[in-house]
Amino acid sequence: MSEANEKDPSSLALPELRAERDRLRTIEDAVSFVRRLAQGRIDLVAAVRASRSGGSAVTAADIVKSGVGPAPSTGSARPPRDTDVAADHPLLAEFDELCDRMGFDNMSELDESALDALESALRTFEATQSEIRRRLFDRIDALTAELVRRYRDGGASVDALLEG
């Protein structure tokens, strides 16, 4: 998403406005999905660390029961939407490659330095996706505000929306 290519929402024709908002929502779906995956894997790294300090092995079920990791967020103020991110999505492939490269699947066998590197890579990836998501939401909000303005001011018709 390049800000240099972003047109002023008021300059877009109604179909372009809707199409751009839909396109950005699709991108945001994938970004949010891999961001949540990264957050979950960061929690798993924390569970491995907790296991090492406590001396017992930790299973995925133990992680879910114990709530290891950050406190659950209250979520977004946005209503949930159904999402469908393809298993072969490039962003998901990028995330899987990162995890493979850093040894995620064998993290219980990683030494502290490698575990630190894994956690750092996951946190960096998650932070990058969070920033991208924030910028996407800013643009989606601007497009939505323009749609609302047009409906409110009579520049767009609900009837035309229902026909299309």
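In case you missed it, the structure is sitting above this.
Remember, it's a predicted structure, so these values are computed and weren't measured experimentally.

Undergrad: Looking at this model, I keep getting lost on the packing of aromatic side chains. Mind explaining?
TA: Each pair of aromatic rings is reported with the distance of its centres and the angle of its planes. With the rule as written, the count across this model stands at one aromatic pair. Here the aromatic rings of Phe 95 and Phe 125 are separated by 4.9 Å at their centres, their planes lie at 35°, and the arrangement is tilted. In this pair, Phe 95 is assigned in helix H3 (residues 90-102) and Phe 125 in helix H4 (residues 112-153), connecting sequence segments 30 residues apart. There is no split in this pair, since Phe 95 and Phe 125 are both buried. Above the plane of the ring of Phe 104 lies Arg 41, whose end atom (NZ or CZ) is 4.7 Å from the centre.

Undergrad: Quick question: what am I supposed to make of H4 here?
TA: Taking 1.5 Å per residue, 42 residues should reach 62 Å; H4 reaches 60 Å between its end C-alpha atoms and fits that length. The distance from a side-chain oxygen at the start of H4 to the backbone nitrogen of Ser 113 is 3.2 Å, and the residue carrying that oxygen is Asp 111. Looking one or two residues past H4, Gly 154 carries a phi angle of roughly 85°, positive in sign.

Undergrad: How do you make sense of the environment of Leu 17 when you look at a structure like this?
TA: Inspection of the secondary structure assignment puts Leu 17 in helix H1 (residues 14-54). The class for Leu 17 is buried, based on a relative accessible area of 0%. In this structure the C-alpha to C-alpha distance between Leu 17 and Thr 144, which are 127 residues apart in sequence, comes to 8.5 Å. In contact with Leu 17, other than residues within four places in its own chain, are Pro 9, Leu 12, Leu 143, Glu 146, Leu 147 and Arg 150.

Undergrad: What's the story with the packing of H1 against H3 in this structure? I'm lost.
TA: The axes of two packed helices give the description: the angle between them and the distance between them. Between H1 and H3, the least distance of the axes is 9 Å, while the angle of their chain directions is 20°. Comparing the axis directions of H1 and H3 gives the class roughly parallel. The handedness of the crossing between H1 and H3 is right-handed. Two secondary-structure elements touch here, H1 through Ala 30, Val 31, Phe 33, Val 34, Leu 37, Ala 38 and Arg 41 and H3 through Leu 91, Leu 92, Phe 95, Asp 96 and Cys 99. Split into classes, the residues belonging to the contact of H1 with H3 amount to ten nonpolar, no polar and two charged.

Definitions and cut-offs
What you see as residue numbers is a count from 1 along each chain, following the sequence as written. pLDDT decides what is reported in this predicted model: residues at 70 or higher carry local features, side-chain atom pairs at 80 or more are listed and counted, and totals for whole chains, interfaces and linings draw on all residues regardless. Based on all heavy atoms of the structure, the side-chain values leave hydrogens and waters out of the count. Any Phe, Tyr or Trp ring, taking Trp's six-membered ring, that has another such ring centre within 6.5 Å forms a pair; planes under 30 degrees apart are called stacked, those over 60 apart edge-to-face, and the others tilted. The helix count covers DSSP runs of H or I at least four residues long, the strand count covers runs of E at least two residues long, and both are numbered beginning at the N terminus. Residue burial is assigned from relative accessible area. The probe radius is 1.4 Å, only protein chains are included, and a residue is buried under 20% of its type maximum, exposed over 50%, and partly exposed in between. The criterion is that NZ of a Lys, or CZ of an Arg, lies within 6 Å of the ring centre and within 35 degrees of the ring normal, and then a charge sits over that ring. The span one expects for a helix is its residue count, reduced by one, times 1.5 Å. Identification of polar contacts relies on pairs of N or O atoms within 3.5 Å, with a donor-acceptor requirement for protein atoms, meaning one able to donate a hydrogen and the other able to accept it, and with residues adjacent in sequence counted only if both atoms are side-chain atoms. Here a residue-residue contact requires only that any non-hydrogen atoms of the pair lie within 4.5 Å. Whenever a helix is involved, its axis is fitted only over the stretch in contact; in every case the axis is a line through C-alpha atoms, and angles between N-to-C directions fall within 0 to 180 degrees. Angular relationships are summarised with four words: roughly parallel below 35 degrees, roughly antiparallel beyond 145, roughly perpendicular across 65 to 115, and oblique for the angles in between. We call a crossing left-handed when the near helix sits turned anticlockwise from the far one by less than a right angle, and right-handed when that turn is clockwise. Gly is placed with the polar residues, together with every amino acid not listed as nonpolar (Ala, Val, Leu, Ile, Met, Phe, Trp, Tyr, Cys and Pro) or charged (Asp, Glu, Lys and Arg).

In short, geometric facts, not functional conclusions.
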